[in-house]
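Here's the letter readout for the chains.
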Amino acid sequence: MATSVMSKNKVETGGPVSGKPTMMDNLSNYIIVDIGANLTNKKFSRDLDQVIQRATDAGVSKIMVTGTSLHSTKEALRLTRLYPGTLYSTAGIHPHDAKSWDDETYNEIKEAARCAECVAIGECGLDFNRNFSPPDVQIEVFEKQVALACELGKPLFLHERDAHQEMVSILERFVDKLPPCVIHCFTGNREQAIKYLQLGCYIGLTGYLWKDKSENGVRRILEEGVIPLDKLLVETDAPFMYPNTRASKLPQHIKDCLTERSVTFLQRYCTFQRNEPCSLPVTVEMIAAYLNKTPEEVALATTFNALKVFGLSG
């Protein structure tokens, strides 16, 4: 059972964090890559140095800062130059902002994406759940960004809500020249995961795991081994997707697999109002428990995948 696999690790990597983590704490860290954090969000404007230091202390060695608009794309790129080798960026227009696309948007996104520090096109895609931009506009803007990714050979960082079939249809039209694709913050069902995997996509998982109780959702997908480790990536989507490990809906055997060290970072520095990249070890441990694997194995696999897909420096 996952509990027995993880209990040994709890002794090895657990232990309370008091004040600044010590060298011994750092030696027992995982090494993880957060492939999606919204560090341009104003909630991080006052203490970004500390946020990044806490992430590093927790074992999050590299963070991809998500671009969702022209402004955040440029700001994410600026941050990569303040924290070289730690932060990387993406360049794209989120479906919520698709209505803002104009003649110059394509050129500006392309210019940002040509920079070495920018490692993906996105966050782009389709969101028919809220429709903050009209669906036909979302589709048009998404297709332009897929074409740009194909032209530049940059991976796609994809957002999809209630638009699975439309997303698949567009990706299939480009399938012969598609770069690697990552389904960011996947919250879909088993059939959708399988279809994305058949298209060669990678699946990004967040702390959403704590609240998924669906019969056919992410928890069940992990328990059934639907997502192979070589197609799995992890992310916080900070400041969103806080992993509430105290929730009654999170099974006790999963809670028992969380190390004291990881939970301390989560509870000391993160809230529902502001999740941070330092919470990522908790998500790795939850995923490992559902997979009945060690968190070290999950951390190693997802880090290798991130380095490979996005071409991050080692």
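Further up the page is the structure itself.
One structure accompanies this document, and this report is about it.

Core analysis: the biggest nonpolar cluster contains 91 residues, and L39, F142, L156, L158, L171, F186 and I287 have the highest contact counts within it. The biggest single contributor to this core is helix α12 (residues 280-291), with nine residues. Those residues within four positions of I287 in sequence are excluded, and the remaining contacts are L205, L209, L222, L232, V234 and V298. The next biggest cluster of nonpolar side chains, apart from the first, holds 14 residues, and it includes A120, F157, V309 and L312.

With that out of the way, let us pick up unusual backbone geometry. Following G122, the chain continues into E123 via a peptide bond in cis, with omega recorded as 15 degrees. Considering the arrangement of structural elements, one finds E123 in strand β4 (residues 118-127). Note the cis peptide between A238 and P239, where omega equals 10 degrees. In this fold, P239 is placed in the loop between β8 (232-234) and α10 (252-255). A positive phi angle, near 55 degrees, is found at D237, a position not held by glycine. Assignment of secondary structure puts D237 in the loop between β8 and α10.

As a further point, take the environment of F272. Mapped onto the elements of the fold, F272 is located in the loop between α11 (260-269) and α12. Residue class for F272 comes out partly exposed when judged on its relative accessible area of 48%. Sequence spacing of F272 and I52 is 220 residues, and the spatial spacing of their C-alpha atoms is 19 Å. Those residues in contact with F272, other than ones at most four positions away along the chain, are W210, P239, Y242 and N244.

Conventions used here
- Residues numbered from 1 in each chain as written.
- Predicted model: local features only at pLDDT ≥ 70, side-chain atom pairs only at ≥ 80, totals over all residues.
- Heavy atoms only, no water.
- Core = buried A, V, L, I, M, F, W, Y, C linked by side-chain atoms within 4.5 Å.
- Buried < 20%, exposed > 50% of the residue type's maximum accessible area, 1.4 Å probe, protein only.
- Helix = DSSP H or I, 4+ residues; strand = E, 2+ residues; numbered from the N terminus.
- Contact = heavy atoms within 4.5 Å.

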